[in-house]
Amino acid sequence: MRKPIVLGNWKLNGTAAASDALVASILSGMPALDVVDVGVCPPHVFIPQTVHQAAHTTLAVGGQNCSEFTTGAYTGEVSAEMLREVGCRYVLVGHSERRALFGETNETVARKTHLALKSGLTPVLCVGETLEEREAGQMNAVVEGQIQAVLNEIGIAQFERLVIAYEPIWAIGTGLTASPAQAQAMHAMIRGVLSTQNPAVARAVRIQYGGSVKADNAAELFAEPDIDGGLIGGASLKAEDFLIICRAAADSLR
Ligand code: PEP
């Protein structure tokens, strides 16, 4: 049985005070959710205060991105090792906004995944297709290519140590959600790709769904057999909604 994982991606939002209040609300409403892994990914500068607040709780903290380099003259970069040092457990790699707006290629994402693993972080490998790619029937090939680049870099055995987030780009921040059947089909396809190399790893790896997951649609998505929780953008900025989504993940195990 795979343990569902729900992560909030706060993106470029908030202030130190707002982050503090959001974490406090999440913590005060967080049930004993030991059946689900729950975490938040604040902007980098708010990570230390979030780690401090979440100490001695089950709320984990993650980065939204890490550098493809370890150290050196890379102004503005933050390494996976630095994230681990300040208390992160997770780091998102290859979010579609990073791929589209900051030029990250499949190979860049693969290097980041490798460094995150080396640093002891759990990378959350984000994959997904554009609407044009879906309409052209290319979604399987696109997502398979994104996975394959990481397989080439780290090998199948390491996939047990990461989380995959399937996020159709057309559903991110748009209010459009993949139907449970559409999402399930892609999750099963991803598991199938991994299964050709190692069926046990394919069965074990957790695959989250992301793309306009809300309090009112989380349960039906998480009920699908290959969907192991969610990567939540907009709805993670409201503690009440985020907590409903976390509970939906817990209920999906029943
Ligand atoms: C995301 O940014 O990963 C995401 C899924 O955003 P939203 O939930 O707002 O669509």
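Since this is a predicted model, take the numbers as computed values, not measurements.

*Asks:* Can you walk me through the site of the ligand in this structure?
*Replies:* Near the ligand lie 14 residues; those nearest to it are Lys11, Glu167, Gly173, Ser212 and Gly234. Separating an oxygen atom of the ligand from a side-chain N or O atom of lysine 11 is a distance of 2.6 Å. One of the backbone N or O atoms of glycine 234 is found 2.8 Å from an oxygen atom in the ligand. Burial of the ligand by the protein amounts to 98% of the accessible area it has alone, namely 290 Å². Residues of the shell around the ligand, tallied by class, amount to four nonpolar, eight polar and two charged.

*Asks:* Looking at this structure, I do not really get the state of the cysteines. What am I missing?
*Replies:* By definition, a disulfide links two cysteine residues through a covalent bond between their sulfur atoms. Applying the stated rule across the entire model yields zero disulfides. In this structure cysteine 88 is not part of a disulfide, and its nearest cysteine sulfur, from cysteine 41, lies 7.7 Å away. Not engaged in a disulfide, the cysteine cysteine 246 finds its nearest cysteine sulfur in cysteine 41; these two sulfurs lie 12 Å apart.

*Asks:* Please clarify how the packing of aromatic side chains should be interpreted in this entry.
*Replies:* Within this structure, the stated rule accounts for two aromatic pairs. Aromatic pair phenylalanine 69 and tyrosine 74: ring centres 3.8 Å apart, planes at 5°, arrangement stacked. Using a relative accessible area of 32% as the deciding quantity, one classes phenylalanine 69 as partly exposed. The ring of phenylalanine 102 carries the charged tip of arginine 98 above its face, separated from the ring centre by 4.1 Å.

*Asks:* What exactly am I supposed to notice about helix α7 (residues 139-154) here?
*Replies:* Residues separated by three or four positions in an α-helix point in the same direction, a consequence of the helix having 3.6 residues per turn. Taking 1.5 Å per residue as the helical rise, α7 with its 16 residues ought to reach 22 Å, and the 23 Å between its terminal C-alpha atoms agrees with that figure. Residues of α7 that are buried: Met139, Val143, Gln146, Ile147, Ala149, Val150, Leu151 and Ile154. On its buried side, α7 packs onto α4 (96-101), α5 (106-118), β5 (122-127), α6 (131-135), β6 (163-166) and α8 (180-195). Just downstream of α7, glycine 155 is the residue with a positive phi angle, here 85°.

Cut-off values and rules
- Residues numbered from 1 in each chain as written.
- Predicted model: local features only at pLDDT ≥ 70, side-chain atom pairs only at ≥ 80, totals over all residues.
- Heavy atoms only, no water.
- Near = heavy atom within 4 Å.
- Polar contact = N/O pair within 3.5 Å; in protein donor to acceptor, adjacent residues only side chain to side chain.
- Areas by Shrake-Rupley, 256 points an atom, 1.4 Å probe, with all protein chains shown as cover.
- Nonpolar A, V, L, I, M, F, W, Y, C, P; charged D, E, K, R; others polar.
- Disulfide = S-S within 2.5 Å.
- Phe/Tyr/Trp six-rings, centres within 6.5 Å; stacked < 30°, edge-to-face > 60°.
- Buried < 20%, exposed > 50% of the residue type's maximum accessible area, 1.4 Å probe, protein only.
- Lys NZ or Arg CZ within 6 Å of the ring centre and 35° of its normal.
- Helix = DSSP H or I, 4+ residues; strand = E, 2+ residues; numbered from the N terminus.
- Expected span 1.5 Å × (residues − 1).
- Contact = heavy atoms within 4.5 Å.

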